[in-house]
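Breakdown of the fold
Here is how the chains run, residue by residue.
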Amino acid sequence: ALAAARRALALDPRQAEARELVARLLPDSDRPARPRPPRPEQLQVPARTFHDRFEVPGWPRWVPFYVRGVNLGVALPGRFPSEFPTDSLTYAGWLDTLAAMRANTVRLYTLLPPSFYRALRGWNLAHPERALWLIHGVWAELPPDHDFDDVEWKEEFRQEMRRVVDVIHGAADLAVRPGHAAGRYDAEVSAWTLAYIIGREWEPFAVDEFNTQNPALQPYHGRFLDMRPAPAADRWMAEQCDELLAYEVDAYNTIRPIAYTNWPTLDPLHHPTETTAGEERLWRSRMGRPVLFRRLEYDNDALSLDATLVQPTAANPAGWFASFHAYPYYPDFMLYDPGYAQARSSLGPSSYFGYLTELKRHHGDLPLLIAEYGVPSSRGLAHLQPQGWTHGGHDERAMAQADVRLTREIRESGCAGGVLFAWMDEWFKRNWLVMDLEIPFERTRLWHNLMDAEQNYGILAMDAGDEATTPHLGGDVSRWRATPALATLASGPGSPNPTALHASCDESYVYLALEFAGLRGAGFPWDSCGVYLALDTYRTDLGQRALPGGLAASEAGFEFLLDLRGPSNARLLVTPDYNPYAPVLEPETGDDRGRFYLRPAAPASRDDGRFDSLFVITNRARFGRDGTFFPARGVDRGRLRFGSEERSTLADWFYDAPAGALEVRVPWGLLNVTDPSSATVLFDTAFEGDFGTAPSDGFRMAALVYRKGEPPRALGSLPPLDSTGRWSAAALPAWSWKTWETPRYHARLKPVYGALKALWTAWADSSTAANLAPGAAPAASSAATPEKP
């Protein structure tokens, strides 16, 4: 499109449409090219490593710099990760907010548009006492056939390195490329760039195949990095880091610390509780357990990448460090290792602290940066952890407490800093537990799945819907009453009969409100009564046609049942055939027998009154290397939390006594809606391959109040039951929703912002030297310093 528009302008310079297109695709096309800055005569060292820490120039000498960082993901709701914001004002606002939080570092995974670097330079020039340092990444996809030496792939990776270097020196003019930022990069931020971290969390199978193809242990001797004999993947990482350093020195006579991305899956430690796939098959065979099972994970202790094999050469005064993404809940060796289980920080027992301490011990004097950590505030929980720092399942206050605890333990373990993941909730992300049911996958960016842990790590919440009209549990009841009423019924004072049923939705939830006009001003009699809300989410001819206990029957089949027995006892249930997470467990041990998904997963026509829990395995059954068996663990996703949203951001339902209104919100993902933006639901009739889906034909709903006891007794319903105790399909109120291509959302800061601000402020005030502006002492920032890094 850009080439065509430029050709059109060449033919007719007055062509307004072509000029507008060029301006939109390449906003800086009318700016004069910025020449490359003159190469300094003396080697510039904007930052360095010294012993096990980072240092930055101060006066009159280098000063320690502890990284208080945030990973800057920038994909707004509705956007793919490569669809970056382009205006400097957006980035300037984010940087201002992060600086006020007392963060001193932001980390990028890939190149952003020129507007980001202009905003960063502008902020730092205006606030030298609170300058934000940059850790810049160089992104890469996996190489073809897992060959890291593939000529074309490696050259593209190296070109991306050179682009990153040119960009931070304000000397790049990048053409438009699909999936990449582009434009004229004229903002020099080199003086505030602390370090590079190249690559990604490399998959162990790719590293293993590359090492297998190149089995010899060999040394690497580069200009700036030196390595004793090491496996091929380790050598490759050192070689690429050396290549980047060489380019920056040759082009700009500048050097700074560098590392490659690593994670516990490829750490250099040995974990006795973590078997490889082959070892686990052997133990299963010995113990008479199913050998054919599906492992939805990597071999997490089969091989390693070890940064301690690398040393800076005499030509490298900037140094070298190790970078790890380390979360407290995975891999499982962090949970089961007996040494980690016995570890304690100053804050109490902590398996995470035990892991960090051992990792730091291995790296010795080499700075260890925890470049990703944190817990998400998702409703969905993907992995359990002994101290409660689970992969999801935290309300926002609990998330704040956990992130502060992890932040403190990272420092206490002797690391050189931590970079929290992440700045904001990003809707495009996907988690192993739910990703197979987010269909079509390219539309996950259009809705916010509260059951997907990966979408909810942000400091900045990206909440669905319109801030002014979204219903809130325990909030203004008029917002619930303003939603469409699907059914109404008159009722006398004191009657527990439901009198109105409302339904609405946004990009995160289905909202249901059941009014009890006869109970306004009085509490609901939960001690003696309960409420059923039955949902037919796909096809009236399928699903469960009877409620439990024979309380009612229906011509239309229900897929889901909300059973609200009281504030401490409420669940969402599913008809047995429609629960995609239906593992077959060994009755004695809880071994999952390798079956994770129910296939097919489609509602069947039945009238036995049975509904099942939404239990899901989060931690699979496994063996340790000594044969120790660790049973499977899981959670009931259908357990509903009572309360207002002010009390807990994970509240599912609330009863507003003055208004006589029962309020419920259900995440789309709990109702087997695979994409609400296109009204697509799960309807799987195959036994393998991708899950099947179907267009939604709308929801049908019914409410029933029952008196508890044996047997239970129906007291009232909406719509009313006929004389035979049944609902006809035609009588059930139907509800459908408008699809969308552009999601609505609004942003707000989560409590973790204030919690970390308080902690980081205390740390910053006790070490103000760490906030000194770069370049304060030109002599100290050159290579001519007496100390060796």
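Below: a short report on this structure. As the structure is a prediction and not an experimental result, all values here were calculated from the model.

Bringing the overall build of the chain into the picture now. Within the chain, the secondary structure is distributed over 14 helices and 41 strands. Counting only C-alpha atoms and orienting by the principal axes, one finds that the chain spans roughly 95 × 75 × 55 Å. Taken across its 789 residues, the chain has 60% of its residues classed as buried. Expressed as a percentage of contacts within the chain between residues at least 6 apart in sequence, the contacts between residues at least 24 apart total 72%. Carbon and sulfur atoms make up 53% of the accessible area of the chain, which amounts to about 29800 Å² in all. If you average the places of the 80 positive and of the 99 negative side-chain charges in the chain, the two averages end up 3 Å apart.

Another point: the environment of Asp395. Structurally, the position occupied by Asp395 is in the loop between strand E17 (368-373) and helix H12 (396-412). On a C-alpha basis, the gap between Asp395 and Arg647 in space is 9.5 Å, while along the polypeptide they are 252 residues apart. Among all residues touching Asp395, those that are not within four sequence positions of it are Arg641, Arg647, Ser648, Thr649 and Leu650. A distance of 3.2 Å separates the side chain of Asp395 from the backbone nitrogen of Arg397, its partner in a polar contact. For Asp395, the side chain forms a polar contact with the side chain of Ser648, separated by 3.1 Å.

Turning to the environment of Ser504, a few remarks are in order. Mapped onto the elements, Ser504 comes out in strand E21 (residues 500-505). Ser504 sits in the buried class, given a relative accessible area of 13%. It is 8.5 Å that separates the C-alpha atoms of Ser504 and Trp735, two residues lying 231 residues apart in sequence. Among residues more than four places away in sequence, those in contact with Ser504 are Pro471, Thr483, Tyr509, Val510, Tyr511 and Trp735.

Before going further, it helps to spend a moment on the sheet that holds strand E9 (residues 193-198). Judged by pairing direction, the barrel is parallel, and its 8 strands sit side by side in the order E4-E5-E6-E9-E12-E14-E17-E18 before closing back on the first. The mean inter-strand angle of the sheet, taken between neighbouring strand axes irrespective of direction, is 25°. Here strand E4 (residues 67-71) pairs with strand E5 (residues 105-108) via 3 bridges, running parallel. Residue pairing for E5: Asn71 is matched across the bridge by Arg107.

Here we take up the packing of helix H6 (residues 204-213) against helix H7 (residues 232-252). The interhelical angle for the contact between H6 and H7, taken along N-to-C directions, is 105°, at an axis separation of 8 Å. On the basis of their axis angle, the class for H6 and H7 is roughly perpendicular. On H7, the residues that touch Val207, Phe210 and Asn211 of H6 are Ala232, Ala233 and Trp236. The residue makeup of the contact of H6 with H7, split by class, is 5 nonpolar, 1 polar and no charged.

Now for the packing of aromatic side chains. Applying the stated criterion across every chain, the model contains 45 aromatic pairs. When the ring of Phe116 is compared with that of Tyr117, the centres are 5.1 Å apart and the planes differ by 85°; the resulting orientation is edge-to-face. Given a relative accessible area of 0%, Phe116 falls into the buried group. When the ring of Trp153 is compared with that of Phe157, the centres are 5.9 Å apart and the planes differ by 15°; the resulting orientation is stacked. Of this pair, Trp153 and Phe157 both sit in helix H5 (residues 151-168), 4 residues apart, roughly one helical turn. The exposure class assigned to Trp153 is buried, which follows from its relative accessible area of 13%. An aromatic cluster is defined as three or more aromatic residues linked by ring pairs; in this entry it consists of Phe516, Phe524, Trp526, Phe642, Trp653, Phe654 and Tyr655. The ring of Trp283 has Arg286 lying over it, and the distance from NZ or CZ to the ring centre is 4.8 Å. Across the ring face of Tyr66, the terminal group of Arg411 is positioned such that the distance to the ring centre comes to 5.2 Å.

It is worth spelling out the sheet that holds strand E39 (residues 726-727) at this point. In any sheet, the strands associate via hydrogen bonds between backbone groups, in a parallel or an antiparallel arrangement. Overall, mixed pairing links the 3 strands, which are arranged E24-E25-E39 in an open sheet. If you trace the sheet from one side to the other, it starts and ends with strand E24 (544-546) and E39, each paired once. With 2 bridges joining them, strand E25 (residues 553-558) and E39 adopt parallel strand pairing. Bridge pairing links Ser554 to Trp727 in E39.

What follows is about the nonpolar core. If you look at the biggest cluster of nonpolar residues, it comprises 125 residues, and the most contacted ones within it are Phe116, Tyr117, Trp202, Tyr352 and Ile370. Tallying contributions element by element places H7 first for this core, with 13 residues. Setting aside chain neighbours within four positions, we find Tyr352 in contact with Ala326, Tyr327, Pro328, Met334, Ile370, Tyr373, Trp389, Leu406, Glu409 and Ile410. Formed by 64 residues, the second largest nonpolar core is a distinct cluster that contains Leu501, Ala601, Ala602 and Leu640.

Here we come to the pattern of salt bridges. Think of it this way: side chains of opposite charge can pair up when their charged atoms draw near. The tally for this structure, following the rule as stated, stands at 53 salt bridges. Residue Arg200 is joined to Glu141 by a salt bridge in which the shortest nitrogen-to-oxygen separation is 3.2 Å. Linking Arg200 in the loop between E9 and H6 with Glu141 in the loop between strand E6 (133-138) and H5, this pair joins segments that are 59 residues apart in sequence. Since its relative accessible area comes to 49%, Glu141 is described here as partly exposed. One salt bridge connects Arg256 with Glu248, and the closest N-O pair in it is separated by 2.6 Å. Each of the two residues, Arg256 as well as Glu248, counts as buried. Salt bridges sharing common partners tie together Glu274, Glu280, Arg284, Glu297, Asp332, Arg620 and Arg622.

About the cut-offs
- Residues numbered from 1 in each chain as written.
- Predicted model: local features only at pLDDT ≥ 70, side-chain atom pairs only at ≥ 80, totals over all residues.
- Heavy atoms only, no water.
- Helix = DSSP H or I, 4+ residues; strand = E, 2+ residues; numbered from the N terminus.
- Buried < 20%, exposed > 50% of the residue type's maximum accessible area, 1.4 Å probe, protein only.
- Contact = heavy atoms within 4.5 Å.
- Areas by Shrake-Rupley, 256 points an atom, 1.4 Å probe, with all protein chains shown as cover.
- Lys, Arg positive; Asp, Glu negative; His and termini not counted.
- Charge placed at Lys NZ, Arg CZ, Asp CG, Glu CD.
- Polar contact = N/O pair within 3.5 Å; in protein donor to acceptor, adjacent residues only side chain to side chain.
- Pairing = 2+ DSSP bridges.
- Axes fitted to C-alpha atoms, helices over the stretch in contact; angles between N-to-C directions.
- Parallel < 35°, antiparallel > 145°, perpendicular 65-115°, else oblique.
- Nonpolar A, V, L, I, M, F, W, Y, C, P; charged D, E, K, R; others polar.
- Phe/Tyr/Trp six-rings, centres within 6.5 Å; stacked < 30°, edge-to-face > 60°.
- Lys NZ or Arg CZ within 6 Å of the ring centre and 35° of its normal.
- Core = buried A, V, L, I, M, F, W, Y, C linked by side-chain atoms within 4.5 Å.
- Salt bridge = Lys/Arg side-chain N within 4 Å of Asp/Glu carboxyl O.

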